[in-house]
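A closer look at the structure
Each chain is listed here by its residues.
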Amino acid sequence: MAGLRREPADILAELADLRAADAPTHGGRVLAYVYDSGRPELDALAADAARAVQPVNGLDPTTFTSVAAMERGVVGFARAAFHGDGDVVGSVTSGGTESCILAVKTARDAWAAARARSGADPDALRPRLVAPITAHAAFRKAAHVLGLAYDPVPVDASTGRPDPAAIGDRLGDDVALVVVSAPSYPFAALDPVAEVAALTAARGIPLHVDACIGGFALAFAGDDRALPAWDFTVPGVTSLSADLHKYGYAPKGVSVLLTRGRDLQRHQYFATTEWPGYPVVNPTLAGSKPAGPLAAGWAIIEALGVEGYAELTAEALRATDALRAAVDGIEGLRVVGDPVGPLFAVATDERVPAERRVDPHHWADAAREAGWVLQAQPAVRQAGGDPLPRTTHLTVTPVTESVLPALLPTLTAAADTVRGVPGVDGADALAAVAAGSPEAAGLVAALTGGGADASGGAGGAGAAGLGLGLDSESAWAILSTLGLAGGLPGRLAPVMALIEALPAPITERLLIELLARAVEPGPVGA
Ligand SMILES: *Cc1c(COP(=O)(O)O)cnc(C)c1O
């Protein structure tokens, strides 16, 4: 056997060094991206389960029957958790984005099939997706990829929730799907699921509940939280997504999409026998796919069961309550709306005088300096609605409870450090860039001049900025001028202000460049 080029121990030592530079995935210091159950034995179980199926190809559950058995187990657990009856079927996907894309594909293809059956010209109408502006960006991506028009509905700035009647006003023959969130990512608002479902069901329009982030927590929150019904108990809810790699505590790569009605769900599939290779039948976007994330998710479900999830949810919700109470007690900050947890967003309290206000992005930067990662969210203008403020997002996990004694004083001290410091104004941030040199001044004028649609509204999704004709070198030069070519700075407030100030298609193009350059290898042969 040929020898290995490097010793495995060396390779793994190098990987350990690389990992040491990552944000910490455990210990509760990062309040976004990661979901630490605080139970190391679950992580070990997930790793062992994934390793046991490492060589398996999840593409074909008839050849690798363990895949079918585990998928039945996961879908069955989720169906019970979200109160589906025998009419509810489902799939395990690679994550929330894939679940959302597949929910949209299912609805689009069902819509097209119904129109074809009714004799309508299939190309006369472009299908449309209606969702509150707070719906996860994955639905903008889905609309972009699948060719639907995207129609965001404004939310009430004080509650973070849409008016059901405003959604009702958008319904029409071209609407293939309506999406609501349980809860929304930006503000953890529980959308009015039953009220919207009554409107969509009356018109025969499918309704997807995006429970990707909170589903596996809220389902086990217990009756004392007294939430309005948001799952399959609501007639008119036709599909629901929930991520096992969030509050299901599985490692990344596993989510569930449930659909009411076999006939509707079959539109999720793609099959072809018209090529000379093996017959293809795919319920999800990937072809060959790992069984590891499924095995990890399945094993964790088997280990925790309903009781285990209820216990972890109680820990996360207790920690959320404690954090909310603490933020409510910090002068100059306020919790946005009425979040159902275990996440929430924080904005400036405009009721206190300017010198007592706390900018949420300065606050997040101050907390970051003290070793805690909170997630900054930009202000957004809503077409036809009140502006949504800039906020800072906290995702709270079971392990958070154990770090509250360190976290709570940090949040208070961070606010004390920045109280009265005005938030970075996007126009000022651009002016500061412009003052750097005549070239920078010209650049800023060009970036903010040309009438680009800054609303990020209908159709403005994703890579649209590539159509601006900004080539890679120019985008990189702009990032350099903005001081961002060396990676993101420690303080994010100025970056968020630029995101707020620049037209969305330009920011989106620049962020694509930033991420693409981050994974480019060095010069050839270097
Ligand atoms: C995380 C999330 C998604 C997308 O899921 P990924 O797993 O990140 O692809 C969709 N909807 C909501 C509400 C989410 O929080």
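Conventions we followed
Each residue is numbered by its place in its chain's sequence as written, counting from 1. Restriction of local features to residues with pLDDT of at least 70 applies here, the model being predicted, together with a cutoff of 80 or more for giving and counting side-chain atom pairs; totals for whole chains, interfaces and linings are based on all residues. Hydrogens and water are ignored here; the side-chain numbers use all heavy atoms of the structure. Each helix is a run of H or I in the DSSP string that is no shorter than four residues. Each strand is a run of E no shorter than two, and both are numbered from the N terminus. Per-residue accessibility, obtained with a 1.4 Å probe over protein chains only, is compared with the maximum for each type, and a residue is labelled buried under 20%, exposed over 50%, and partly exposed between these values. For this analysis, residues touch if any pair of their heavy atoms sits within 4.5 Å. Here a residue is near a molecule or strand as soon as one of its heavy atoms is found within 4 Å of it. Each polar contact in these results corresponds to two N or O atoms within 3.5 Å; when the atoms are within protein, one needs to be able to donate a hydrogen and the other to accept it, and residues that are neighboring in sequence are counted only if both atoms are side-chain atoms. We get accessible surface area from the Shrake-Rupley algorithm with a probe of 1.4 Å; when it comes to residues, only the shown protein chains can shield them. In the scheme used here, Gly and all other residues not listed as nonpolar or charged are polar, with Ala, Val, Leu, Ile, Met, Phe, Trp, Tyr, Cys and Pro taken as nonpolar and Asp, Glu, Lys and Arg as charged. The pLDDT score gives, residue by residue, the confidence of the prediction method on a 0 to 100 scale. Residue ranges for the domains originate in an automatic or database domain assignment. An arc is given here, and it is the one of the directions from the helix axis to the C-beta atoms. One speaks of a salt bridge when a side-chain nitrogen belonging to Lys or Arg is within 4 Å of a carboxyl oxygen belonging to Asp or Glu. Residues belong to a common nonpolar core when they are buried Ala, Val, Leu, Ile, Met, Phe, Trp, Tyr or Cys residues joined through side-chain atoms within 4.5 Å.

Attention now goes to the side chain of threonine 397. Along the chain, threonine 397 turns up in the loop between strand 13 (391-395) and helix 12 (400-418). Judged by relative accessible area, threonine 397 falls into the buried class, the value being 4%. Every residue in contact with threonine 397, bar those within four places of it in the chain, is listed here: Val34, Tyr35, Asp36, Tyr247, Ala316 and Ala319.

Lining the immediate environment of the ligand, one finds Gly95, Gly96, Thr97, Cys100, His136, Tyr185, Asp210, Cys212, Ile213, Asp243, His245 and Lys246. Within the contact set of the ligand, an oxygen atom lies 2.5 Å away from a side-chain nitrogen or oxygen of threonine 97. Summarising the interface, the protein chains cover 85% of the accessible area of the ligand, which totals 370 Å² for the free molecule. For the shell around the ligand, the leading source of residues is helix 4 (residues 96-117), giving three residues. Class assignment of the residues belonging to the shell around the ligand gives a composition of four nonpolar, five polar and three charged.

This next bit is on the confidence of the model for the protein. Per-residue confidence for the protein gives a mean pLDDT of 93; residues scoring 70 or more make up 96%. Mean pLDDT values for the elements of the protein range from 81 in helix 14 (residues 438-449) up to 99 in strand 5 (residues 207-210). Note on residues 451-464: pLDDT is under 50 here. Beyond four places in sequence and across chains, it has 19 contacts.

Let us now look at the domain arrangement of the protein. Domains assigned within the protein are domain 1 (87-278) and domain 2 (426-518). Summarising the inter-unit geometry, the C-alpha centres of domain 1 and domain 2 are found 32 Å apart.

The next subject is helix 15 (residues 472-481). Of all the residues in helix 15, the buried ones are Ala475, Ile478 and Leu479. Each buried residue of helix 15 lies within a common arc of 100 degrees when the element is viewed along its axis, so the set occupies one face. Residues of helix 15 that are buried in the fold lie against helix 14 and helix 17 (504-518). Of the residues flanking the end of helix 15, it is glycine 483, one or two places downstream, whose phi is positive at about 80 degrees.

One pass over the structure, following the stated rule, counts 24 salt bridges. For the salt bridge of aspartate 349 with arginine 351, the shortest nitrogen-to-oxygen distance reads 2.9 Å. Arginine 419 is the salt-bridge partner of aspartate 416, the closest N and O atoms lying 2.9 Å from each other. Residue aspartate 416 is classed as partly exposed on the basis of its relative accessible area, which comes to 47%. Classification of arginine 419 as buried rests on a relative accessible area of 18%.

The next subject is the nonpolar core. In globular proteins that are soluble, nonpolar side chains generally tend to be buried together. Counting residues in hydrophobic clusters, the biggest one holds 63 residues, and the most contacted among them are Phe82, Val178, Phe216, Trp230, Leu244 and Tyr309. Tallying contributions element by element places helix 10 (residues 292-328) first for this core, with nine residues. In this structure, Leu31, Leu333, Val396 and Leu407 belong to the second largest nonpolar core, which totals 25 residues.

Following alanine 182, the chain continues into proline 183 via a peptide bond in cis, with omega recorded as -5 degrees. Relative to the assigned elements, proline 183 resides in the loop between strand 4 (175-181) and helix 7 (193-202). Following glycine 341, the chain continues into proline 342 via a peptide bond in cis, with omega recorded as -5 degrees. Along the chain, proline 342 turns up in the loop between strand 10 (333-335) and strand 11 (343-348). A positive phi angle, near 60 degrees, is found at histidine 83, a position not held by glycine. Mapped onto the fold, histidine 83 is located in the loop between helix 3 (65-81) and strand 1 (88-93). At alanine 188, a position not held by glycine, the phi torsion is positive, near 55 degrees. Topologically, alanine 188 is positioned in the loop between strand 4 and helix 7.

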